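In case you want the letters, here they are:
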Amino acid sequence: MLDYSYLEEIFKLIGVIINDEKNEEIMYYYPLVFDEKSLTYNFKSSYSIIKQPLGTFFVDFLKTDFENKDEFNDFFKNYSFVVLGDEYKKIHNIGPFSIEDYKNLINQLYSKKKDLLIRIQEQLDEILDYCIINPRSRKNKFSSLDRFLVLQYVHENLDLFRNNKMEVFTFYTLANQVFAHKSEDEIYKLLENNKPVKHQIHIPTTIEALIYFVLCKIIENKLQLKLCKNCNNYFISNNSKISYCDNIAPDSDKTCKEIGSSSAFHNSVDNDELLKRYYKLYAKKTMLARRNPDIQEYVKDFENYKKFGKNKVAAYKSKKITAEEFEIWLSKKDK
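It should be emphasised that the depicted structure is a prediction, and the values quoted were computed from it without experimental measurement.

Novice: I keep staring at the overall build of the chain and nothing clicks. Help me out?
Specialist: Each helix and strand in the chain was counted, giving 14 helices and 10 strands. The buried share of the chain, taken over its 335 residues, is 45%. Within the chain, counting contacts between residues at least 6 apart in sequence, those at least 24 apart form 63% of the total. Put simply, the chain shows about 18,600 Å² of open surface, and 49% of that area lies on carbon and sulfur atoms.

See below:
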């Protein structure tokens, strides 16, 4: 068991540590809260710890359109610490923000960070395309790792290969024990029946380092980048036979993995831009609610979208409402 209070200081580089033993990324996170009474945004003073499968950030980063300011805003709400880096302390101490102040903050961050995020994304796309997704046919006899090595040496413009500094932190624990608030004698008492366990965690110092670490895992085939056949979103798996992710499927209480294949679902979504938009918005609201279970605004927004959206989709598919009416409803919910 990791004692997060003991590790608190090392989170503060970009708010992420990686537990390689469990394939987990652990996010140090201050939820951003909107107060409906005062109409202000504020970062909560107490942090949350969020554990998610290694590669979750990678996938969320990969699928975000950073040219779109609204998508940048959604990404910021989920990963504010990673986006802000050292600027976090300054901004954290300024709040609360009025709605207008918050818009100005997002505009400033967008202007400052957008080009960097897009550049990383473009390089990531190029590396994935060359090594995994669309390798040149005459190079097919070589592995993804072989192609990765070649790319590393012949494409000097890909600075993602060089901006990948990681720190490693080593510490010891006892199984299922937390030492916070325990005295010296109490810890020795625990040691009578337990042996220390060594842990090493990786600490990315930049967003590039975090991306590169997961990229290497994928290239080495310890993790695999896959496209879910249900929701059409990328996900990371360590099993080559799995075709569906563990996220809750749109318009369902089950995960995509539980639902499995459905040709009717694929055909309807693949050929309908409004349904694609509906499911993308569903995924966004799901993420916000899951990451912030104590913020009722996000939880209620997701529950309402899920409840009424199911009826709207059914009405749209059965032609009880027009495409225009469905689009208007989506626009109102996409805020």
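Novice: It is not clear to me how the packing of helix 6 (residues 99-133) against helix 9 (residues 207-219) should be interpreted in this structure. Could you clarify?
Specialist: At a minimum axis distance of 12 Å, the contact between helix 6 and helix 9 shows a crossing angle of 10°. Here helix 9 runs roughly parallel to helix 6, going by the angle between their axes. Judged by residue contacts, Leu116, Leu117, Ile120, Leu124, Ile127, Leu128, Cys131 and Ile132 of helix 6 engage Ile207, Glu208, Ile211, Leu215, Ile218 and Ile219 from helix 9. Residues that form the contact of helix 6 with helix 9 fall into these classes: 13 nonpolar, no polar and 1 charged.

Novice: Help me understand the environment of Leu281 in this model?
Specialist: Within the element layout of this structure, Leu281 appears in helix 12 (residues 273-291). Here the alpha-carbon distance between Leu281 and Phe302, two residues 21 residues apart in the chain, equals 9.8 Å. Here Leu281 is in contact with Tyr305, Leu330, Lys333 and Asp334, once residues within four sequence places are set aside.

Novice: Where do I start with the sheet that holds strand 4 (residues 40-43) in this structure?
Specialist: Sheet strands pair via backbone hydrogen bonds, and the direction of the pair is either parallel or antiparallel. Judged by pairing direction, the sheet is antiparallel, and its 3 strands sit side by side in the order 3-4-6 without closing on themselves. With one partner strand each, in any of the chains shown, strand 3 (32-35) and strand 6 (97-98) form the two edges of the open sheet. Across 4 bridges, strand 3 lies against strand 4 in antiparallel orientation. In the sheet register, Leu32 faces strand 4, and the bridge partner there is Phe43.

Novice: What exactly am I supposed to notice about a nonpolar patch on the surface here?
Specialist: Together, Ile132, Ile133, Leu227 and Tyr234 make up an exposed nonpolar region whose accessible area comes to about 330 Å². Summarising the element assignment, Ile133 is placed in helix 6. Overall, Ile133 belongs to the exposed group, its relative accessible area being 52%.

Novice: Just checking my understanding: could you explain helix 6 for this structure?
Specialist: Note on helix geometry: an α-helix contains 3.6 residues per turn, so any two residues three or four positions apart are oriented the same way. Helix length check: helix 6, at 35 residues, gives a terminal C-alpha distance of 42 Å against a target of 51 Å (1.5 Å per residue), a shortfall beyond 12%. The largest bend along helix 6 reaches roughly 45° and is located at Lys113.

Novice: Just to check I follow, could you spell out the packing of aromatic side chains for this structure?
Specialist: Any two aromatic rings considered together are summarised by their centre-to-centre distance and by the angle between their planes. Under the definition given, this model contains 23 aromatic pairs. Here Phe66 and Phe75 contribute two aromatic rings whose centre-to-centre distance is 5.2 Å and whose plane-to-plane angle is 85°, an arrangement assigned as edge-to-face. Classification of Phe66 by relative accessible area gives buried; the value is 1%. Here the aromatic residues Tyr278, Tyr279, Tyr282, Phe302, Tyr305, Tyr316, Phe326 and Trp329 are joined through ring pairs into a cluster of three or more. Here the guanidinium or amino end of Lys285 rests over the ring plane of Tyr305, the centre of that ring lying 5.5 Å away.

Novice: Would you explain the environment of Lys257 in this entry?
Specialist: Considering the arrangement of structural elements, one finds Lys257 in helix 10 (residues 256-259). Along the chain, Lys257 and Asn230 lie 27 residues apart, while their C-alpha atoms are 8.3 Å from each other.

Cut-offs and rules
- Residues numbered from 1 in each chain as written.
- Predicted model: local features only at pLDDT ≥ 70, side-chain atom pairs only at ≥ 80, totals over all residues.
- Heavy atoms only, no water.
- Helix = DSSP H or I, 4+ residues; strand = E, 2+ residues; numbered from the N terminus.
- Buried < 20%, exposed > 50% of the residue type's maximum accessible area, 1.4 Å probe, protein only.
- Contact = heavy atoms within 4.5 Å.
- Areas by Shrake-Rupley, 256 points an atom, 1.4 Å probe, with all protein chains shown as cover.
- Axes fitted to C-alpha atoms, helices over the stretch in contact; angles between N-to-C directions.
- Parallel < 35°, antiparallel > 145°, perpendicular 65-115°, else oblique.
- Nonpolar A, V, L, I, M, F, W, Y, C, P; charged D, E, K, R; others polar.
- Pairing = 2+ DSSP bridges.
- Patch = residues over 30% accessible without salt bridge, like charges linked within 9 Å, V, L, I, M, F, W, Y side chains within 5 Å.
- Salt bridge = Lys/Arg side-chain N within 4 Å of Asp/Glu carboxyl O.
- Expected span 1.5 Å × (residues − 1).
- Bend = angle between axes of the 7 residues up to and from the residue.
- Phe/Tyr/Trp six-rings, centres within 6.5 Å; stacked < 30°, edge-to-face > 60°.
- Lys NZ or Arg CZ within 6 Å of the ring centre and 35° of its normal.

These results come straight from atomic positions and should not be treated as a statement about function.
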